[in-house]
Amino acid sequence: MNKIELTYKRNSANKFDFKAIQNGNLIYGKTYSPKEDENQVLMGEILVQTAQEWADKEIERNPEFKWHSFEEFKEWIGNAQLRKEASKRYDDLMFKE
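Here the structure is a predicted model, which means the values were calculated and not measured.

Cut-offs used in this document
By convention here, each chain's residues receive numbers from 1 onward along its written sequence. Totals for whole chains, interfaces and linings use every residue, but because this is a predicted model, local features are given only for residues with pLDDT of at least 70 and side-chain atom pairs only at 80 or more, for both listing and counting. Hydrogen atoms and water are omitted, and side-chain values are computed over all heavy atoms in the structure. Numbering of helices and strands runs from the N terminus; a helix is a DSSP stretch of H or I covering at least four residues, while a strand is a stretch of E covering at least two. Remark: exposure states derive from per-residue accessible area (1.4 Å probe, protein chains only) relative to the maximum for the residue type, with buried under 20%, exposed over 50%, and partly exposed in between. When checking whether two residues touch, look at their non-hydrogen atoms; a contact exists if any pair is within 4.5 Å. Only the protein chains shown count as cover for residues, with accessible areas throughout obtained via the Shrake-Rupley method and a probe of 1.4 Å. When charges are counted, neither His nor the chain ends are considered; positive counts come from Lys and Arg and negative counts from Asp and Glu. Charge coordinates come from a single atom per side chain, which is NZ of Lys, CZ of Arg, CG of Asp or CD of Glu. N or O atoms within 3.5 Å of each other form a polar contact, as long as, within protein, one can give a hydrogen and the other can take it, and as long as residues adjacent in sequence are counted only when both atoms are side-chain atoms. An arc is given here, and it is the one of the directions from the helix axis to the C-beta atoms. Strand pairing follows a simple DSSP-based rule, namely that at least 2 bridges must link the two strands. The definition of a nonpolar core used throughout is a set of buried Ala, Val, Leu, Ile, Met, Phe, Trp, Tyr and Cys residues joined through side-chain atoms within 4.5 Å. Exposure above 30% relative accessible area and the lack of any salt bridge qualify a residue for a patch; like charges then connect within 9 Å, and the nonpolar side chains Val, Leu, Ile, Met, Phe, Trp and Tyr within 5 Å. In what follows, salt bridge is the name for a side-chain nitrogen of Lys or Arg lying within 4 Å of a carboxyl oxygen of Asp or Glu.

Trainee: Which parts of the structure should I look at to understand the overall build of the protein chain?
Mentor: Across its full length, the protein chain holds three helices and three strands. Tracing the protein chain from N to C terminus, the helices and strands come up as β-β-β-α-α-α. The burial tally for the protein chain puts 30% of its 97 residues in the buried class. A separation threshold of at least 6 residues defines the contact pool for the protein chain, and within that pool the share at least 24 residues apart is 55%. Carbon and sulfur atoms provide 48% of the accessible area of the protein chain, an area that totals close to 6700 Å². Computed over 16 positive and 18 negative side-chain charges, the inter-centroid distance for the protein chain is 3 Å.

Trainee: Honestly, the side chain of Asn2 in this entry has me stumped. Any pointers?
Mentor: Its place among the elements puts Asn2 in the segment before strand 1 (4-10). A relative accessible area of 12% means that Asn2 is categorised as buried. Within the local environment of Asn2, its side chain forms a polar contact with the backbone oxygen of Phe65, the two atoms lying 3.0 Å apart. Not counting residues within four places of it along the chain, the set of residues in contact with Asn2 comprises Asn23, Ile59, Pro63, Glu64, Phe65 and Lys66.

Trainee: Can you help me understand helix 2 (residues 70-77) in this one?
Mentor: Along an α-helix, residues three or four positions apart point the same way, because every turn accommodates 3.6 residues. Considered for burial, the residues of helix 2 that qualify are Phe73, Trp76 and Ile77. All buried residues of helix 2 lie within an arc of 90° about the axis, which places them on one face of the element. Counted as exposed and oriented over 90 degrees from the buried face of helix 2: Glu71, Lys74 and Glu75.

Trainee: Explanation requested: the side chain of Thr50 in the structure shown.
Mentor: Mapped onto the fold, Thr50 is located in helix 1 (residues 40-61). One polar contact links Thr50 to Arg89, side chain to side chain, over a distance of 3.2 Å.

Trainee: I would appreciate a short explanation of the pairing of strand 3 (residues 25-32) in the present structure.
Mentor: It is a general feature of regular strands that their side chains alternate between the two faces of the sheet. Sheet topology note: the strand 2 (residues 16-22)/strand 3 ladder contains seven bridges and is antiparallel. Across the sheet, the residue bridging to Gln22 is Asn25, located in strand 3. Hairpin connection, strand 2 to strand 3: the antiparallel pair is bridged by two residues, and Asn23 has positive phi, about 50°.

Trainee: What am I meant to see in the nonpolar core here?
Mentor: Among soluble globular proteins, nonpolar side chains are generally buried collectively. Among the nonpolar cores identified, the biggest contains 22 residues, and Ile4, Leu6, Trp67, Phe73 and Trp76 are the most heavily contacted of them. Only strand 1, strand 2, helix 1, helix 2 and helix 3 (80-94) provide two or more residues apiece to this core. Per-element tally for this core: the top contributor is helix 1, with seven residues. Filtering out sequence-adjacent residues up to four positions away, Ile4 remains in contact with Ile21, Gln22, Gln52, Ala55, Asp56, Ile59, Phe65 and Trp67.

Trainee: Help me understand a nonpolar patch on the surface, please; the structure alone is not making it clear to me.
Mentor: Side chains of Leu93, Met94 and Phe95 sit close together on the surface and give an oily, nonpolar patch of about 290 Å² of accessible area. With respect to the helices, strands and loops of the structure, Leu93 is situated in helix 3.

Okay, here's the thing in structure tokens:
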């Protein structure tokens, strides 16, 4: 069974490190400087949480699921449905009535 870990954590420079780790290997890593006053931190956290849940479900369905390249990962993380779900979660959290 493959293991995928997606993280978005504040670093010592007060920026956020996004990492996609597959079976202990870094597939993608980037440091972001989100604008906290525009809730970009929360937006990033929700996107990564949603993506992690999708990856976990994918592995549950197919234990051999993995990305074979950065391009595959990029296409997967850019999936319109995944982004739509993350946006809905963000909106639900931010605009509760």
